[in-house]
Amino acid sequence: MTRPAVLVARAVFPEVLARLRTHFEVDDNPDDVIWSPGELSQRLRGKAGAYVTGSERVDAALLDANPQLRAVCNMAVGYNNIDVDACTERGVLVTNTPDVLTETTADFGFALMMAAARRMAEGEHYLRAGRWTKWRYDMFTGSDVHGATLGILGMGRIGQGIARRGALGFGMRVIYHNRSRLDPAVEQPLGARWVDKDTLFREADHVVLVLPYSPAAHHAVGAREIALMKPTATLTNVARGGIVDDAALAQALREQRIAAAALDVFEGEPKVHPGLLEVPNVVLTPHIASATVATRRAMADLAADNLIAALTGGVPPTPVNPQVLGGR
Ligand code: DGY
């Protein structure tokens, strides 16, 4: 029996690739070349499955050029790189990698927020530049995290993980905004209080963004929201580029209208708005919130589990559009 052909669109752990090769004819990308949309579509010709990351765009044009495609397995929890409706209309299964990265990403979000509040990156750059000549009472004075008000926009799994760290580890008062309120049984142990979006920006000492990207969330945080924030507040984004208007944020940081920001994701990444590179009061990291060895391996394994199940008659563990499975 001929084995299904799949494309692994980016470099991945050799062990995961080896496992995929036991099930499929695998075309891979060991040099981790970033293919253009046309090249990606070309490489998918004749493939039943695609193993992709958040950097590969899967849209209607790509699907129409590859009608044999049956499964697109994302090695990421976010799937805004994939037109899920277009996949569902064509009977193509989409999967993602939830849960396995929740705690790791929450760790990183919390760490970034602390780094911004306590001006760690600024202090480090100052020291490395050889500018540290004496101790001074007001040198790099930031704002406290313990006991402060933590405002979380997007209270899903990762948002709740950050809230847990804040409430239980640092005695923070937690407020959050989400389209729907959480069950009181989830809110109560965290002392978390739902507020409207403007109240969140007005009251929080530290705002952390963890909401999924959708066109409706584009520039959910722009000049208007930033203007509501306290001048001492910080803004952390571990969600997706495009949720924050990076140009507006760079200007607010330059004018010190808020104290600091911390960003792991950017509009149009890996490009970074030049205004953000010029201001000292922002911590910048290259989309690494889920990047521990164990978690990246768990994500890679889960994406592989999904692809194997999808194309060998199994039950994919984490489908995004499970309704497609019913039609098979
Ligand atoms: C995710 O899983 O969505 C992370 O952003 C890594 O891409």
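Residues numbered from 1 in each chain as written. Predicted model: local features only at pLDDT ≥ 70, side-chain atom pairs only at ≥ 80, totals over all residues. Heavy atoms only, no water.

Draft legend 1. Region of interest: helix 7 (residues 157-170). Along its 14 residues, helix 7 runs 19 Å from first to last C-alpha, staying within 8% of the 20 Å computed at 1.5 Å per residue. Turning to helix 7, its buried residues are Ile 158, Gly 159, Gln 160, Gly 161, Ile 162, Ala 163, Arg 165, Gly 166 and Ala 167. Contact partners of the buried residues in helix 7: helix 5 (102-117), strand 6 (149-153), strand 7 (173-177), helix 8 (184-190) and strand 9 (206-209). Once helix 7 finishes, Gly 171 follows within two positions and takes phi at roughly 60°, a positive value. (Helix = DSSP H or I, 4+ residues; strand = E, 2+ residues; numbered from the N terminus. Expected span 1.5 Å × (residues − 1). Buried < 20%, exposed > 50% of the residue type's maximum accessible area, 1.4 Å probe, protein only. Contact = heavy atoms within 4.5 Å.)

Draft legend 2. Looking closely at the sheet that holds strand 5 (residues 93-95). Spatially, 2-1-3-4-5 is the arrangement adopted by the 5 strands of the open sheet, whose pairing is parallel. Strands with a single pairing partner mark the edges of an open sheet, and in this sheet they are strand 2 (25-27) and strand 5. With strand direction ignored, the average angle separating the axes of adjacent strands in the sheet is 15°. Relative to strand 4 (residues 71-74), strand 3 (residues 49-52) runs parallel, the two being bridged by 4 bridges. Of the residues in strand 4, the one forming a bridge with Gly 49 is Ala 71. The strands that helix 1 (residues 14-21) touches are strand 1 (5-8), strand 2 and strand 3; relative to strand 2, the one it contacts most, it runs at about 140°. (Pairing = 2+ DSSP bridges. Axes fitted to C-alpha atoms, helices over the stretch in contact; angles between N-to-C directions.)

Draft legend 3. Structural context of empty space enclosed by the protein. Tallying each qualifying case throughout the model produces 1 cavity of 30 Å³ or more. Estimated volume of the largest cavity: approximately 40 Å³. Every residue lining the largest cavity is listed: Ala 115, Ala 116, Arg 119, Met 120, Ala 121, Glu 122, Ala 260, Ala 261, Pro 280, Asn 281, Val 282 and Val 283. Broken down by secondary-structure element, the contributors of at least two residues to the lining of the largest cavity are helix 5, helix 6 (120-128), strand 11 (260-263) and strand 12 (282-284). For the lining of the largest cavity, the leading source of residues is helix 6, giving 3 residues. (1 Å grid on protein atoms, 1.4 Å probe; cavity = no way out; pocket = protein on both sides within 12 Å on 5 of 7 lines; lining within 4 Å. Points joined across faces, edges and corners; volume = space filled by probe spheres on them.)

Draft legend 4. How the structure looks around the environment of Leu 311. Note that Leu 311 resides in helix 13 (residues 293-311). Sequence-wise, Leu 311 and Ala 71 are 240 residues apart; in three dimensions their C-alpha atoms are separated by 7.5 Å. Ignoring anything within four residues of it in the chain, the contact list for Leu 311 reads Pro 4, Val 6, Phe 24, Ala 48, Gly 49, Arg 70 and Ala 71.

Draft legend 5. Looking closely at the pairing of strand 4. Of the two faces of strand 4, the one carrying Ala 71 and Cys 73 and the one carrying Val 72 and Asn 74 are both buried. Strand direction decides the pairing type here: strand 4 and strand 5, joined by 3 bridges, are parallel. The residue bridging Ala 71 from the neighbouring strand is Leu 93, located in strand 5. Traced from strand 4 through helix 4 (residues 84-89) to strand 5, the parallel crossover comes out right-handed. (Right-handed = clockwise from strand over helix to strand, strands pointing away.)

Draft legend 6. Region of the structure containing the side chain of Arg 165. Its place among the elements puts Arg 165 in helix 7. Arg 165 sits in the buried class, given a relative accessible area of 19%. In contact with Arg 165, not counting residues within four places along its chain, are Glu 103, Ala 106, Asp 107, Phe 110 and Phe 170.

Draft legend 7. Focus on the pairing of strand 10 (residues 234-237). Side-chain alternation along strand 10 places Thr 234 and Thr 236 on one buried face and Leu 235 and Asn 237 on a second face that is also buried. When strand 9 meets strand 10, the two strands line up parallel, connected through 4 bridges. Paired with Val 207 across the bridge in strand 10 is Leu 235. Handedness of the β-α-β unit built from strand 9, helix 10 (residues 223-228) and strand 10 comes out right-handed. The pairing of strand 10 with strand 11 spans 4 bridges and is classified as parallel. When the bridges of strand 11 are listed, Leu 235 appears paired with Ala 261. Note that the unit made of strand 10, helix 11 (residues 246-254) and strand 11 has a crossover that is right-handed.

Draft legend 8. Focus on unusual backbone geometry. Between Glu 269 and Pro 270 the backbone carries a cis peptide bond, its omega angle lying at 15°. As for its position among the elements, Pro 270 is in the loop between strand 11 and helix 12 (274-278). The phi dihedral of Phe 140 falls on the positive side, at around 50°, and the residue is not glycine. In this fold, Phe 140 is placed in the loop between helix 6 and strand 6. Of note in this structure, Gln 256 is not a glycine but carries a positive phi near 50°.

Draft legend 9. Fine view of the site of the ligand. Around the ligand, a shell composed of Ala 76, Val 77, Gly 78, Leu 101, Arg 240, His 287, Ser 290 and Met 299 is seen. Gly 78 places a polar main-chain atom, nitrogen or oxygen, 2.9 Å from an oxygen atom of the ligand. Between the ligand and the protein, one listed contact pairs an oxygen atom with a side-chain N or O atom of Arg 240 at 2.7 Å. For the ligand, the accessible surface in isolation is 230 Å², of which the surrounding protein chains cover 83%. Its residues assigned to classes, the shell around the ligand shows 4 nonpolar, 3 polar and 1 charged. (Near = heavy atom within 4 Å. Polar contact = N/O pair within 3.5 Å; in protein donor to acceptor, adjacent residues only side chain to side chain. Areas by Shrake-Rupley, 256 points an atom, 1.4 Å probe, with all protein chains shown as cover. Nonpolar A, V, L, I, M, F, W, Y, C, P; charged D, E, K, R; others polar.)

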